[in-house]
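Observations on chain architecture
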Amino acid sequence: QVIDSFIYYGILLIAISISLVALGLPINSLFTIVIVVTLVVAIAMQTTLNNLAATIIFVAFQTFKPGDWVDVLDGTFGQVKEIQLFSTVILTQEQSTVTVPNGDILKGKIVNYSVLGYRRVDMVVTIKYQDDLLKAKQILEQILADDEHVLVNPKPVVGVLTLGERGVDFSLRPFAPVEVYWDTLFSVTEQVKLNLSEAGVKIPVFQQDVHVIRSDN
């Protein structure tokens, strides 16, 4: 297809040149036009060849394949539906299709979550300083252990991340199959609120105290 395009545009350029000469266009002007058109076509074909070369690399080295969950261009996340000659079609979790030139994908970072089959779900949960830290940690660990999507291996992690301004920040790092990433995030977040509230562990609400100072004249 690329060779056919070269032949097509070459014949078209020759035909246009002959027609312009027949109409009386000076040879010097024609030569300039031919150079400009050739450069434009060359630049366009360079992009096409870059995309084609990237496609060959993806297929030959199995960088990803249809059905894989990938993150490309630092934010385009979804399932590969089709690897075309010059581009890749990705189905996002919003159920929209994104067609990305393969040359652009090759230039950036490619994360293929389907190689391992799972993805880490990072969450932060904050509790008040007055509450029992060890009790809260035990509750959070139990929530991850009970969730049907959270994997046993790699082992989920619960740890104190920071001692922040609002309270103690816990980092929750469970792993889940990539196709149920959002289901895991939603279900764990829901259980965190329900179970902590049931145990009397409070999640602090951001508030700002405003002090009004009156000056009596």
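Summarised in this report is the structure supplied together with it. (Residues numbered from 1 in each chain as written. Predicted model: local features only at pLDDT ≥ 70, side-chain atom pairs only at ≥ 80, totals over all residues. Heavy atoms only, no water.)

Things to note about unusual backbone geometry
Residue P154 follows N153 across a cis peptide bond; omega there is 5 degrees. Tracing the backbone shows P154 in the loop between helix 4 (133–146) and strand 8 (157–163). Look at L73: it is not a glycine, yet its phi comes out positive at around 55 degrees. For L73, the location among the structural elements is in the loop between strand 1 (69–72) and strand 2 (76–83). The class for L73 is partly exposed, based on a relative accessible area of 39%. In this structure, D74 is a non-glycine residue whose phi angle is positive, near 55 degrees. As for its position among the elements, D74 is in the loop between strand 1 and strand 2. (Helix = DSSP H or I, 4+ residues; strand = E, 2+ residues; numbered from the N terminus. Buried < 20%, exposed > 50% of the residue type's maximum accessible area, 1.4 Å probe, protein only.)

Some thoughts on helix 5 (residues 181–198)
The end-to-end C-alpha separation of helix 5 is 26 Å, in line with the 26 Å expected for 18 residues at 1.5 Å each. Where helix 5 is buried, its residues contact strand 6 (118–120), strand 7 (123–127), helix 4, strand 9 (168–173) and strand 10 (175–177). Positive phi appears at G200, one or two residues downstream of helix 5, with a value of about 80 degrees. (Expected span 1.5 Å × (residues − 1). Contact = heavy atoms within 4.5 Å.)

Examining the nonpolar core
Residues I127, L140, F170, L172, V188, V192 and L196 are the most contacted members of the largest nonpolar core, which totals 21 residues. Of all the secondary-structure elements, those providing two or more residues to this core are strand 7, helix 4, strand 9 and helix 5. Sequence-distant contacts of F170, defined by excluding residues within four places in its chain, comprise M123, V124, V125, I127, L133, A136, K137, L140, V158, G159, V160 and L161. Counting residues in hydrophobic clusters, the runner-up holds nine residues, among them V70, V72, V100 and I105. (Core = buried A, V, L, I, M, F, W, Y, C linked by side-chain atoms within 4.5 Å.)

Details of the sheet that holds strand 9
Read from one edge of the open sheet, three strands run 7-9-8, paired in antiparallel fashion. Each edge of the open sheet is held by one strand with a lone partner, namely strand 7 and strand 8. Strand-to-strand, the axes of this sheet are offset by a mean angle of 30 degrees, without reference to chain direction. Inspection of the sheet shows strand 7 paired to strand 9 by five bridges, in the antiparallel sense. Bridge pairing links V124 to S171 in strand 9. The strands that helix 4 touches are strand 7, strand 8 and strand 9; relative to strand 9, the one it contacts most, it runs at about 20 degrees. (Pairing = 2+ DSSP bridges. Axes fitted to C-alpha atoms, helices over the stretch in contact; angles between N-to-C directions.)

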